[in-house]
Amino acid sequence: MTTVHIPFLQTGTLAVGGRLLGEDDRSLQSQADRPSSLTKGHRACQGCAEALAARWVMDTAVEAADEKLIVANATGCLEVFSTLYPESAWKPPWIHSLFANAAAVATGIAASLHSQGRDDVRVLAQGGDGGTVDIGLAAVSGMFERNDDVLYVCYDNQGYMNTGVQRSSATPASARTATTPAVGRQPGAPVGQGKSMPKIAMAHEIPYVATATVADLRDLETKVRTAMSIHGARYLHVLVPCPLGWGSSSSESINLSRAAVQSGIFPVLEARAGEITDVQRIRQRMDVEAYLRPQARFAHLFKPGGEDALERWRALADANIRRYDLMGERS
Amino acid sequence: MREVLEGSQAVARTVARCRPGVVCAYPISPQTHIVEALSVMARTGELSDCEYVNVESEFSAMSVSIGSSAAGSRTYTATASQGLLYMTEAVFNAAGMGLPIVMTVANRAIGAPINIWNDQSDALALRDSGWLQLYATDNQEAADLHVIAFAVAEELGMPAMVCMDGFVLTHASDVVELASAEEIDAFLPAFRPQQVLDVDHPTTIGTMAGPESFTETKYLQHLRFLDATEVIESWSHRFRDAFGREAGCLVSRYDPDTLERDHAAPPAAAEDIALVAMGSVVGTLQAALAPMRAEGERVRLVGIQSFRPFPEQALRAALGECRDVIVIDRALELGAGGVLTGNVGRALAGTRSRIRSVIAGLGGRPILEASLQDVVRRARAGEVGRLEFLDLKEGGVPLPPVGATEVAR
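Keep in mind it's a predicted model, so treat the numbers as computed, not measured.

(A) Fine view of the overall build of chain B. The number of helices and strands found in chain B is 13 helices and 18 strands. Taken over C-alpha atoms, the radius of gyration comes to 21 Å for chain B, in line with the 22 Å a tight globule of 409 residues would show. Considering only intrachain contacts with a sequence separation of at least 6, the fraction spanning at least 24 residues in chain B is 79%. Roughly 16400 Å² of accessible area belongs to chain B as shown, and the carbon and sulfur atoms make up 52% of that amount. Mean positive and mean negative side-chain charge positions of chain B (34 and 52 charges, respectively) differ by 5 Å.

Dropping the structure here:
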């Protein structure tokens, strides 16, 4: 694959890193000859964290695979904004089939490569939360259960954003969507058990499961690199704020990701064979309000009557902190 | 070598000799024996350099097949009935992406009521999916059609279904002569995919197409289907030259006297009663019509081998000036009539043929020779209605008292 030399955009150490680091420690994204697997010129919204995450995931995976990577993509924003015929923003060989089958298509690619003796070529599948947690869950679970040699990446923006912001089973309780309006006795998405895809993945005892956000892109890069160093089924769950769906400012996507982690709402962890091996500690605990308030989908929580829901959010953060030892109290 | 084999075994062994790179399937009756046999062959090494993938659903079976075909492997799967419907979304998708997957459909009824026995309503429900659909008359043809299906599908860049009647063929043992691996190697070109996910030559497959280009892609798919008629004919001729057996022709003609298959048989004449059928019922018709023919009744038999593309020209040529055409149909368009009949009607539009539809064998109901003979006798007397249900037990099954439904018979 040819690399395209892009303008060197130094955006500071927090986002890109590298300026203060030695050559070896620099992020791939700080290199002028990064693979640019997802090229600029696609149609993602301003501030789309999925586009940012996908760029980092893809570039890292492409480099780790020595540019021998095939990608299967589920239907969703990522597919739609990057491949409107006759244009394509993808530099690696890339296939989109359907909403629910990215994992199975990836299995087929891996099986085909194996039967051809091409064990040097790696396979990556990706989809949003709808294609992963809901409609595609059976195929994802099947791929995990067979331990197929595929890295599956879920970009979780907590709803069906491609179709106009409807609720998915990854939509958090009390969030307003087009199908869970903030009206009635229990405004927003109903409170339930929720569906934690990282936990479901861990229950399959696959070689590697990790979560990440766009607030710590170096961490994301490292996890992709780790995942690519392993064979078998691997799962990476990335929280990707959606300005349109969340009702947040385009400039807030990184801050919101950070607030999700630092409040205890989104635990960042790694697991191998079903056992958690590492969690990212909370450095400076933020209140859940820092995460919720900038999002219009939670605006009703800050009106009279929203107190109960806010309490539930705090309890959720506390539970996560306890369960995953996010403050490092046990160490 | 002629041997006695179950239909499923004959198909599985032939598929193995076509050297697929990936076989992926989910079990469903009456397809199971085919994929069981292939999974054993993959383990024993008889099916070499092949990945056999067990999946959690038919939807994933077709999805794995899509990935594997797109990554450059000859790909095979098999299903039936509810399984075919469960994979429908991916079935259409494989065709739209031009992936030459070959799939056996062991034809079975669709519920509710649940019914595992044979009719052709499953594959015919997917007639517009963009897949070639070839129908086997017997187990010999079922096996042979798979060789032709791989050749045709790969030349056209289009997936192909080989449809064989469930149980009636899949579970029946018969004398067959299978093409050997060497013969197939000599006959079937190596798989050279027309598009492939290749890290050295990256492509994007499966993009979104807007209104400005969608019609054009469908039009090109349509043109490819029109090409398919010639491609199927050409491969079936090549097959006849190489193996000395008839398989995969668009329309089968039968000798007016012996009722044996004869591609050089003359077209039906005006005073003939022509029976048109698809699949194993053709064999039943051969047996049913022989004594009538011996008595001097002018009956003709025409088999449809290719349902998609539908061979309109070849059918018109086979039926000639025939006035009375009776289609034995094993699938029902509810509220309309037989599925095959509708296609025959379109092919014969503008001719002088009167087309009658006889719905027979739904959900495994036996198609009795005597019943078929009765249809022909009544047709001669002008007593067959536009749409009939063969051996309908009128009043035999309690119907709920809703409306004033009258069943045409």
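And the narrative resumes.
(B) Inspection of the overall build of chain A at higher detail. Each helix and strand in chain A was counted, giving 11 helices and 8 strands. A compact globule built from 331 residues would reach a C-alpha radius of gyration of about 20 Å, and chain A, at 19 Å, matches this within 12%. Across its three principal directions, the C-alpha atoms of chain A cover 60 × 45 × 45 Å. Counting every position in chain A, which comprises 331 residues, the buried fraction comes to 56%.

(C) Molecular detail of the packing of helix 7 (residues 139-156) of chain B against helix 9 (residues 211-243) of chain B. Residue and element names in this part refer to chain B. For the pair helix 7 and helix 9, interaxial distance at closest approach is 10 Å and the crossing angle is 135°. As the angle between them shows, helix 7 and helix 9 are arranged oblique. As helix 7 runs across helix 9, the sense of the crossing is right-handed. Between helix 7 and helix 9, the contacting residues are Asp-144, Val-147, Ile-148, Ala-151, Val-152, Glu-155 and Leu-156 on the first element and Arg-224, Asp-227, Ala-228, Val-231, Ile-232, Trp-235, Ser-236, Arg-238 and Phe-239 on the second. By residue class, the composition of the contact of helix 7 with helix 9 is 10 nonpolar, 1 polar and 5 charged.

(D) Local environment of the pairing of strand 12 (residues 299-304) of chain B. All names here are of chain B. Burial runs high along strand 12: 6 of the 6 residues are buried. Burial along strand 12 is two-sided: the face carrying Val-299, Leu-301 and Gly-303 and the face carrying Arg-300, Val-302 and Ile-304 are both buried. By the bridge criterion, 3 bridges tie strand 10 (residues 251-253) to strand 12 in an arrangement that is antiparallel. Pairing of Val-251 across the sheet is with Ile-304, part of strand 12. In terms of strand pairing, strand 11 (residues 273-277) meets strand 12 through 5 bridges, oriented parallel. Residue pairing in the sheet places Ile-273 in a bridge with Val-299 of strand 12.

(E) Spotlight on the environment of Val-299 of chain B. Here Val-299 of chain B is to be found in strand 12. Through-space distance from the C-alpha of Val-299 of chain B to that of Arg-380 of chain B is 9.9 Å; in sequence the pair is 81 residues apart.

(F) Seen up close, the packing of aromatic side chains. Scanning the model with the defined rule gives 13 aromatic pairs over all chains in all. With centroids separated by 5.7 Å and ring planes inclined at 75°, the aromatic side chains of Phe-144 of chain A and Tyr-235 of chain A adopt a geometry described as edge-to-face. Here Phe-144 of chain A is found in helix 5 (residues 137-145), whereas its partner Tyr-235 of chain A is found in strand 6 (residues 234-239), with 91 residues between them in sequence. Assigned by exposure class, Phe-144 of chain A and Tyr-235 of chain A land together as buried. An aromatic cluster of three or more residues is present, and its members are Trp-246, Tyr-291, Phe-298 and Trp-313 of chain A. Over the aromatic face of Phe-150 of chain B sits the side chain of Arg-74 of chain B, whose NZ or CZ is 5.5 Å from the ring centroid.

(G) Structural detail: the interface of chain A and chain B. Taken together, the contact between chain A and chain B spans 37 residues of the former and 37 residues of the latter. Taken together, both faces of the contact between chain A and chain B bury some 2800 Å²; the carbon and sulfur share is 63%. Across the chain A-chain B interface, the total number found is 1 salt bridge. For Glu-56 of chain B, the salt bridge identified is with Arg-146 of chain A, shortest N-O distance 3.1 Å. Where chain A packs against chain B, one counts 18 residue pairs in polar contact (both at pLDDT 80 or more).

What counts and what doesn't
- Residues numbered from 1 in each chain as written.
- Chains lettered and ligands numbered in written order.
- Predicted model: local features only at pLDDT ≥ 70, side-chain atom pairs only at ≥ 80, totals over all residues.
- Heavy atoms only, no water.
- Helix = DSSP H or I, 4+ residues; strand = E, 2+ residues; numbered from the N terminus.
- Rg over C-alpha atoms; globule rule 2.2 N^0.38 Å.
- Contact = heavy atoms within 4.5 Å.
- Areas by Shrake-Rupley, 256 points an atom, 1.4 Å probe, with all protein chains shown as cover.
- Lys, Arg positive; Asp, Glu negative; His and termini not counted.
- Charge placed at Lys NZ, Arg CZ, Asp CG, Glu CD.
- Buried < 20%, exposed > 50% of the residue type's maximum accessible area, 1.4 Å probe, protein only.
- Axes fitted to C-alpha atoms, helices over the stretch in contact; angles between N-to-C directions.
- Parallel < 35°, antiparallel > 145°, perpendicular 65-115°, else oblique.
- Left-handed = near helix turned anticlockwise from the far one by under 90°.
- Nonpolar A, V, L, I, M, F, W, Y, C, P; charged D, E, K, R; others polar.
- Pairing = 2+ DSSP bridges.
- Phe/Tyr/Trp six-rings, centres within 6.5 Å; stacked < 30°, edge-to-face > 60°.
- Lys NZ or Arg CZ within 6 Å of the ring centre and 35° of its normal.
- Buried area = accessible area lost by both parts, 1.4 Å probe.
- Salt bridge = Lys/Arg side-chain N within 4 Å of Asp/Glu carboxyl O.
- Polar contact = N/O pair within 3.5 Å; in protein donor to acceptor, adjacent residues only side chain to side chain.

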